[in-house]
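# An overview of the molecular structure
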Amino acid sequence: MTNFIKEITLNSAEEILSELSPWLNGGKYKGYIFRGHSNDQEFTLIPSSLRYDQREKLWDAAGGGMPEDDQIDWVHWQVYAELSTLRRFYKFSNMRGLKVPTSARIMNFLADDIDFAFIMRSENIKWLPDDLIEIAALAQHYGLPTRLLDWTFDPIVAAYFSAASHKEHGGSLSIWCLNRSAITTNRAIGRDLGVRFIIPHYADNSNIAAQSGLFTHFPIDVLAPMDDALQFMNGNNPKTDRTPLDVLLADRAKRINIDNEFNAITKISAPFSLARDLVKVLIDFNYGASKLFPGYEGVVREMIDIGKIYS
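Residues numbered from 1 in each chain as written. Predicted model: local features only at pLDDT ≥ 70, side-chain atom pairs only at ≥ 80, totals over all residues. Heavy atoms only, no water.

Considered as a void within the structure, the largest pocket measures approximately 1100 Å³ in volume. Listed by contribution, the elements that provide at least two residues to the lining of the largest pocket are strand 2 (33–37), helix 6 (130–141), strand 4 (149–152), helix 7 (155–164), helix 9 (206–210), strand 7 (213–217) and helix 14 (296–309). For the lining of the largest pocket, the leading source of residues is helix 7, giving 5 residues. By residue class, the composition of the lining of the largest pocket is 20 nonpolar, 13 polar and 8 charged. (1 Å grid on protein atoms, 1.4 Å probe; cavity = no way out; pocket = protein on both sides within 12 Å on 5 of 7 lines; lining within 4 Å. Points joined across faces, edges and corners; volume = space filled by probe spheres on them. Helix = DSSP H or I, 4+ residues; strand = E, 2+ residues; numbered from the N terminus. Nonpolar A, V, L, I, M, F, W, Y, C, P; charged D, E, K, R; others polar.)

Moving on, we come to helix 3 (residues 75–95). With 21 residues, helix 3 should reach 30 Å at 1.5 Å per residue; the first-to-last C-alpha distance of 30 Å fits that figure. The positive-phi residue at the C-terminal boundary of helix 3 is Gly 97, with phi of around 75°. (Expected span 1.5 Å × (residues − 1).)

Attention now moves to the packing of helix 7 against helix 12 (residues 275–284). Relative orientation of the contacting elements helix 7 and helix 12 amounts to 140°, with a least axis distance of 8 Å. One element, helix 7, and the other, helix 12, form an angle in the oblique class. Considering the relative orientation of helix 7 and helix 12, their crossing is left-handed. Judged by residue contacts, Ile 156, Ala 159, Tyr 160, Ser 162, Ala 163 and Ala 164 of helix 7 engage Ala 275, Leu 278, Val 279 and Leu 282 from helix 12. In terms of residue class, the contact of helix 7 with helix 12 is made up of 9 nonpolar, 1 polar and no charged. (Axes fitted to C-alpha atoms, helices over the stretch in contact; angles between N-to-C directions. Parallel < 35°, antiparallel > 145°, perpendicular 65-115°, else oblique. Left-handed = near helix turned anticlockwise from the far one by under 90°. Contact = heavy atoms within 4.5 Å.)

Counted under the stated rule, the structure contains 9 salt bridges. For Lys 126, the salt bridge goes to Asp 221, with nearest N and O atoms at 3.0 Å. Of this pair, Lys 126 sits in strand 3 (residues 125–127) while Asp 221 sits in strand 8 (residues 220–222), and the two are 95 residues apart along the sequence. Assessed through its relative accessible area of 48%, Lys 126 is described here as partly exposed. (Salt bridge = Lys/Arg side-chain N within 4 Å of Asp/Glu carboxyl O. Buried < 20%, exposed > 50% of the residue type's maximum accessible area, 1.4 Å probe, protein only.)

Let's shift gears to the side chain of Thr 152. Position of Thr 152 among the secondary structure elements: in strand 4. Owing to a relative accessible area of 4%, Thr 152 belongs among the buried residues under this scheme. Here the side chain of Thr 152 touches Gln 211 through a polar contact of 2.6 Å, landing on its backbone oxygen. (Polar contact = N/O pair within 3.5 Å; in protein donor to acceptor, adjacent residues only side chain to side chain.)

Below, the discussion takes up helix 11 (residues 245–255). If you check which residues of helix 11 are buried, you get Leu 245, Asp 246, Leu 248, Leu 249 and Ala 253. All buried residues of helix 11 project into a common sector of 160° when viewed along the axis, lining one side. Exposed side chains of helix 11 directed beyond 90 degrees from the buried face belong to Lys 254 and Arg 255. Check the buried side of helix 11 and you find it contacts strand 1 (5–9), strand 4, strand 5 (172–178), helix 8 (180–188), strand 7 and strand 9 (265–271). Downstream of helix 11 by a residue or two, Asn 257 has a phi angle that is positive, lying close to 65°. (Arc of directions from axis to C-beta.)

Right, let's get into a nonpolar patch on the surface. A cluster of nonpolar residues, Val 299, Val 300, Met 303 and Ile 304, forms a patch on the protein surface that exposes about 370 Å² of accessible area. One can find Val 299 in helix 14. (Patch = residues over 30% accessible without salt bridge, like charges linked within 9 Å, V, L, I, M, F, W, Y side chains within 5 Å. Areas by Shrake-Rupley, 256 points an atom, 1.4 Å probe, with all protein chains shown as cover.)

Dropping the structure here:
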């Protein structure tokens with residue numbers, strides 16, 4: 001394992017907080033962002049819309065009609081499902097008078113059952129396109145599968161999410177630390193690793209604001225329908241790439257020969273048995289659910305967390 005990706009294992013709640021706290025680690029993770037996983041055997045850095053266990057949910061949200069198994073990996077169908085999901089989220093929210101980010105791409109064809117403008121386009125595009133990212137961020141926060149990954153600027157928030165929803169059947173808690181500063185600096189000088197960072201409008205979402213949240217996005221090239229059809233006729237139908245973000249970044253860094261120049265990702269792992277102790281310490285320091293989910297939902301979550309700790 002190169003310096004580009006590191007992995008460390010810690011064995012107590014105190015070690016985890018000492019590793020993450022900027023007051024105790026000497027600014028070790030300055031410029032990083034963080035993501036907590038409750039079971040690293042189940043969860044890797046794959047966006048929800050690309051996870052196999054989310055396929056049915058994605059296609060249900062898109063309106064149904066999931067393709068046969070031999071077609072489920074085609075880029076054409078994957079992008080169609082993601083676009084349909086975002087259009088339906090936009091349409092239903094708008095119908096109920098809920099505020100949604102403006103998108104001319106959706107708004108101009110909102111009355112159409114199908115987005116024919118997208119299907120009949122003559123140019124290749126990046127997916128997700130810029131005008132759909134804010135909508136995707138909002139949809140993601142409320143449980144719809146998208147290409148975005150949730151992160152936080154606050155490492156202690158990530159520690160909470162790694163522990164609060166742990167499962168007793170094993171695995172490890174994990175906290176991913178991604179060097180946003182180094183990645184964006186390299187991009188500015190022409191060494192682009194491909195990942196984009198998206199900071200939503202905090203005023204529109206109290207939960208994201210409380211969690212100091214942001215998203216990563218790894219755009220892909222999507223062929224125009226005619227080019228896609230030609231590929232299909234030639235027996236080379238493009239398949240959906242479901243590679244985790246850490247692997248994508250490592251591969252890209254190796255191709256442009258910067259994989260040994262800086263640490264891009266650190267994965268902190270700890271035994272799942274530490275989850276209860278970690279949640280207790282975090283609640284004691286006012287990093288419980290009532291802080292991260294402002295309102296009655298967070299209060300109830302924290303009450304249940306405390307009950308589990310002392311049961």
